Amino acid sequence: MTTRTPLVGRDSEREQLEGALERAREGAGSIVLLAGEAGVGKSRLAAEIADAQGTPVLRGAPTNGVPTPYAPIVAALRSYRRFAAGGLEIGTLQPHLAHLLPELGPPAPDSDRATIFEAVNSALVEIASEHGPAVLHLDDLQWSDESSLELVAALASSLGELPMLTIVSYRSDGLARDHKLRWLRNELRRGGGLEEVTLEPLDPDQTAAMLRELLPQPPSPALCRAIHDRTGGSPFFIEELVSALMTKDSFRDGSQGLELESEGVEPIPETVRDAVLIGFGELSDSARAAAEAAAVAGDTFDIALVAEQSSESGMLELLNSGRAIDCGSGQGSFRHALAREALYAEVPWLRRRSLHQSFAEAIEQEEGAPLELADHWLGAGEEKKARAALSRAAVESEAIRAYRDAANAAHEALELWPAEDDPEGRIETLELYAACTELVGELANSAKAWRELAAVRDERGEPAAFAEAQQQLASACELRGERDVGFAARGVAVEAFLAVGRPADAATERLAMSNYRRAGGYFGEAVELAESAVEHAAAAERQDLRARGLGLLGVSQAKGGDYEGGLETVRTGLALAVERNLTPVAAELYQRLSLVLYDSADYGRAEEALDTALTLCQTDEDADTEIACVTCLAYVLRERGEWSRASELCRKLIEEDRAAWVAEGLDGAIQAFQGRLGSARRLLSSSRSTAISVGHYNMFVDSTTGLAHVAAAEGASDEAADLGRSLLARWEESDDHHYAVWGVRWAASFFARNGDRDGAHACAEALSEMAADGGHADALAALAQAIGEIALLDEDADTAAEQLSRAVQLHEGLGIPFERAQVELRAGVAYSAAGERERGIVQICEAYRTARRLGAQPLAKEAAAEVAALGDSVAARLGRRSDAEIEESPLTRRELEVLRHVSVGRTNREIAQELFLSPRTVDMHVRNILRKLECRSRMEAVHRAGELELLG
């Protein structure tokens, strides 16, 4: 019998892989996920594809089923170096690759995860360039570390441009729901690069074909059925079962072929384990002992080391039997992992522990892989030694930026670690675990670890370390959205830092606390916290922190109603930063200055301040301040009516995933104003959800008002009303005196126009308070509009006209054209209601022209409709183009089609031939077009259609 399972019944899967390899040969590589249950022939298929094509194969797998960071990739690259001695000379990135392959030379002293990934990518580029097409086969990745799977995902786009086929094979049976392989599949699918081959068990006909290859004589149908029923079509089980039956002499000749002996023989083995053990049972005692030692050693094992634990003769017999394979470089492996698993379970537990102990001691002496060492120490029952190995594995994983694997190893170590045993070592491991879980986004675990560390530090009487743990706890809590919990933790950290004489750290925490309360709209608390930060910074003689504190204090003062005082405070901080040449701080302070300026509706000077801040950010490469400046600039541009520039900035932020939720809210409002309601709702809903979760007041106001605008435009009045009321409720919780003006103004108009007198009055009261506290012109204008809208509701046209006229006057010089156009439209309606029809139409026309210039189509359409409702000629007042503002579709689809042919000079007969119509029908369509567009000639109709943007 052959010792290698014949490849039977895999024609379609072979064809799919060969096609992928052929595409790789042409430079279009790919990643193919090769899945199937244990023993179905995944590794065999992958190997045979490469062998048949004479293609270099780089094979890697997890180390003995232990998830060592990057082990499959490292093994694959080492297999290449055996194939091409001295390979992987990749220039400046080589020291970074040396973090994974120390044999390449001294590792780079300073590296990061992205650079290590790029170094691996460069290595694969070199291999593919020198020896392509090549096959990179990463096997048994159901046991892989998570960092390797993240690396595969990161390499996907690059591998698609190389002459290299990457096969990732794994067991699909028993794969946990949260296994990282499922994440890899989703990532490849999102990138459009998911390609899968799934090997199913053999069907009865394929099982019969395999039996014909394995048996010395053709099998009978009955034998084929019996073998298929027992094995379920698993190729490995079929081979082991046939071997076991032949060993037991269980076959006889029958009339239809080879049959099972019916008398005097043992029953057919029930499981693959039973079949495997029958095969190993035929070995001598010394070979069986070698097999048991090898099973304890792992899926791959050091041949010499296993021989030391058994015997050289036994090891030699095991290899000669074909049940273990010499892989080269002194390494051996079982023919299949299932064989090793079956044999391992049969090793008596005392012998198993003894062997694990021996292997652990040998690996420790050679300073081998700590995770493999930990696995053996656990098998030997030595938990303390396993814990030490796991801690070392965590440190080594963190050093090569395999943060998730570091966290996993640290967690396993902590599970074995009593609090009273080596507390210093436990604290170090707990700190590493807390930091790594935060880096990989496991924020709940990170917060729990930092909280435990804080408690330990407090119990041990270590106030400085306690403060630092609270500081880290705050960061983890804030990242997972528990901002109030984080705020409280920062407060505890401040007191602890002050107790140990570290006022600079206390000032830093107070700044974070102040900024959080400012962002939430609680400016009174923000002022107190900023003042405290300034005091602590002065005590620490930290002028940078003092300047930052003054900037934050000034913004909070201005937003709390003290505009002049706040402006002066920010300018004081800015002068300090400039005087001390603190460029990053100066950039931050210019951004703070812009907040004060645009909060007073001084958008021109706010834009100037932001331009200066952005220049300084580029000089100092301050990414955080730059993002803040760009989002503020997008807001200022939106308010000033420069929607194209604002949207461009927002789209770039969204594409780069930098403050994307803020950009979504700003751009969503613009799209709502333009009438693009579907995309506006999507963007605004996303932004509002995040604003609520992080407690950001300004973006809550922006996104809520924008969504209310969308709902009203869609006719969802109840939703719009609910959003308006939620805006008022949130404003009442805050200390805001200005930012919500535009939203509450819109809500006042909406409530009044929909007959909700109580809602309109509530908005008017809110605007009255804002106007009294801040005194800004836009707040006064918004209040006047609210009073005017209520007067219109009460049919007091004279008061309405007076108040809305005042609102228009107050908007002069504010530089917020969209709001001005809205006010002008309502003022025109009020004038007309008061009997001043001509004045009203003039005002409405002004609103129309502003809306058209901005691209605010819904507002322009509303203005055109108001002119028509007053009985005036829309075309005469606003131009012929304005007719389209009050008519949903002036031409039918067929009329538009005919008009496009007219526009290129075709005759009615030519159009009829082109559209398969009769000339009479085309003539009718042309007459309808002229009538609807109020034109006398075809040329005039074409010109008019161009004005109305009907030709596309």
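Residues numbered from 1 in each chain as written. Predicted model: local features only at pLDDT ≥ 70, side-chain atom pairs only at ≥ 80, totals over all residues. Heavy atoms only, no water.

1. Comments concerning the overall build of the protein chain
Okay, so step 1: Assigned secondary structure in the protein chain consists of 48 helices and 10 strands.
Okay, so step 2: Judged by the C-alpha coordinates and their principal axes, the protein chain covers about 115 × 90 × 50 Å.
Okay, so step 3: Put simply, the protein chain has 952 residues, and 54% of those count as buried.
Okay, so step 4: In the protein chain, 64% of the contacts between residues at least 6 apart in sequence involve partners at least 24 apart.
Okay, so step 5: Surface exposure of the protein chain reaches about 40500 Å², of which carbon and sulfur atoms provide 47%.
Okay, so step 6: Computing the positive centroid from 97 side-chain charges and the negative centroid from 157, the protein chain places the two 6 Å apart. (Helix = DSSP H or I, 4+ residues; strand = E, 2+ residues; numbered from the N terminus. Buried < 20%, exposed > 50% of the residue type's maximum accessible area, 1.4 Å probe, protein only. Contact = heavy atoms within 4.5 Å. Areas by Shrake-Rupley, 256 points an atom, 1.4 Å probe, with all protein chains shown as cover. Lys, Arg positive; Asp, Glu negative; His and termini not counted. Charge placed at Lys NZ, Arg CZ, Asp CG, Glu CD.)

2. Observations concerning the sheet that holds strand 10 (residues 331–334)
Two pairing modes exist for strands in a sheet, parallel and antiparallel, and in both the strands are linked by backbone hydrogen bonds.
Okay, so step 1: Taken together, the 3 strands give an open sheet; going across it, the order is 8-10-9, and neighbouring strands pair in antiparallel fashion. Strands at the two margins of the open sheet, each flanked by one partner only, are strand 8 (300–302) and strand 9 (324–328). Across this sheet, the average inter-strand angle for adjacent strands is 35°, counted without regard to direction.
Okay, so step 2: With 4 bridges connecting them, strand 9 and strand 10 associate as antiparallel partners. Considered in strand 10, the bridge of G328 is made with Q331. (Pairing = 2+ DSSP bridges. Axes fitted to C-alpha atoms, helices over the stretch in contact; angles between N-to-C directions.)

3. Remarks on the confidence of the model for the protein chain
Okay, so step 1: Confidence in the prediction of the protein chain, expressed as mean pLDDT, is 87, and 95% of residues score 70 or more.
Okay, so step 2: The low-confidence segment residues 884–889, where pLDDT is below 50, has 13 contacts with residues more than four positions distant or belonging to other chains. (pLDDT = per-residue confidence, 0-100.)

4. Some words on the sheet that holds strand 5 (residues 195–199)
Okay, so step 1: In spatial order, the strands read 2-3-4-1-5; together these 5 strands make up an open sheet with parallel pairing. A single partner strand is all that each edge strand has here, and the edge strands are strand 2 (57–60) and strand 5. Between one strand axis and the next, the sheet turns through 20° on average, direction left out of account.
Okay, so step 2: Alignment of strand 2 against strand 3 (residues 134–138), held across 4 bridges, turns out to be parallel. Looking at strand 3, one finds that L58 is bridged to L136.
Okay, so step 3: Docked against the sheet, helix 3 (residues 71–83) engages strand 2 and strand 3, running at close to 145° with respect to strand 2.

5. Things to note about the pattern of salt bridges
Side chains that differ in sign of charge can pair as their charged atoms come close.
Okay, so step 1: Enumeration according to the criterion identifies 57 salt bridges in this entry.
Okay, so step 2: Note that E150 is salt-bridged to K180, the shortest N-O span being 3.3 Å. Placement of E150 in helix 6 (residues 146–159) and of K180 in helix 7 (residues 180–190) is noted, with a sequence separation of 30 residues between them.
Okay, so step 3: Looking at K180, the relative accessible area reads 11%, which means it is buried. (Salt bridge = Lys/Arg side-chain N within 4 Å of Asp/Glu carboxyl O.)

6. Structural notes on the side chain of H179
Okay, so step 1: Relative to the assigned elements, H179 resides in the loop between strand 4 (164–171) and helix 7.
Okay, so step 2: A polar side-chain atom of H179 sits 2.9 Å from the main-chain carbonyl oxygen of Q142.
Okay, so step 3: Aside from chain neighbours lying at most four places away, what touches H179 is L141, Q142 and L149. (Polar contact = N/O pair within 3.5 Å; in protein donor to acceptor, adjacent residues only side chain to side chain.)

7. Quick word on the side chain of R510
Okay, so step 1: Here R510 shows up in helix 24 (residues 503–519).
Okay, so step 2: For R510, a relative accessible area of 13% corresponds to the buried category.
Okay, so step 3: In this structure the side chain of R510 is engaged in a polar contact, spanning 3.4 Å, whose partner is the side chain of E495.

8. Examining helix 17 (residues 370–379)
One full turn of an α-helix is made of 3.6 residues, so residues set three or four places apart face in the same direction.
Okay, so step 1: When you tally the buried positions in helix 17, you get 7 out of 10 residues, the bulk of the element.
Okay, so step 2: For helix 17, the full list of buried residues reads P370, L371, E372, L373, A374, H376 and W377.
Okay, so step 3: Next to the buried residues of helix 17 lie helix 12 (285–297), helix 16 (349–365), helix 18 (383–399) and helix 19 (403–415).

9. Topic: the packing of aromatic side chains
Okay, so step 1: Applying the stated rule across the entire model yields 13 aromatic pairs.
Okay, so step 2: Ring plane angle 65° and centroid distance 5.8 Å describe the contact between F301 and F334, whose orientation is recorded as edge-to-face. Here the residue F301 occupies a position in strand 8, and F334 occupies one in strand 10, the gap between them amounting to 33 residues.
Okay, so step 3: You can call F301 buried: its relative accessible area is 2%.
Okay, so step 4: Following the ring pairs from residue to residue traces out a cluster consisting of Y598, Y603, Y635 and Y739.
Okay, so step 5: For the cation-ring pair, K180 lies above W183, with the distance from its terminal atom to the ring centre recorded as 4.2 Å.
Okay, so step 6: One Lys or Arg, R352, reaches over the ring of Y344 and ends 4.7 Å from the middle of that ring. (Phe/Tyr/Trp six-rings, centres within 6.5 Å; stacked < 30°, edge-to-face > 60°. Lys NZ or Arg CZ within 6 Å of the ring centre and 35° of its normal.)

10. Some details on the nonpolar core
Nonpolar side chains tend toward joint burial in soluble globular proteins.
Okay, so step 1: Core analysis: the biggest nonpolar cluster contains 105 residues, and Y598, V744, L767 and M770 have the highest contact counts within it.
Okay, so step 2: Here M770 is in contact with W731, H737, A740, V741, V744, G775 and A779, once residues within four sequence places are set aside.
Okay, so step 3: The next biggest cluster of nonpolar side chains, apart from the first, holds 51 residues, and it includes A360, I363, Y403 and F497. (Core = buried A, V, L, I, M, F, W, Y, C linked by side-chain atoms within 4.5 Å.)

11. Regarding the environment of L511
Okay, so step 1: Within the secondary structure, L511 sits in helix 24.
Okay, so step 2: Given a relative accessible area of 5%, L511 falls into the buried group.
Okay, so step 3: Ignoring anything within four residues of it in the chain, the contact list for L511 reads A533, L545, R548, G549 and L552.

12. With respect to unusual backbone geometry
Okay, so step 1: For D422, which is not glycine, the phi dihedral falls at a positive 50°.
Okay, so step 2: Note that D422 resides in the loop between helix 19 and helix 20 (423–439).
Okay, so step 3: Relative accessible area serves as the criterion here: at 41%, D422 is assigned to the partly exposed category.
Okay, so step 4: A positive phi angle, close to 60°, is found at E795, a residue other than glycine.
Okay, so step 5: Within the fold, E795 resides in the loop between helix 38 (777–793) and helix 39 (797–811).

13. Section: the environment of L950
Okay, so step 1: Summarising the element assignment, L950 is placed in the segment after helix 48 (938–947).
Okay, so step 2: With a relative accessible area of 16%, L950 lands in the buried category.
Okay, so step 3: Note: C-alpha distance between L950 and L899 (51 residues apart in sequence) is 9.2 Å.

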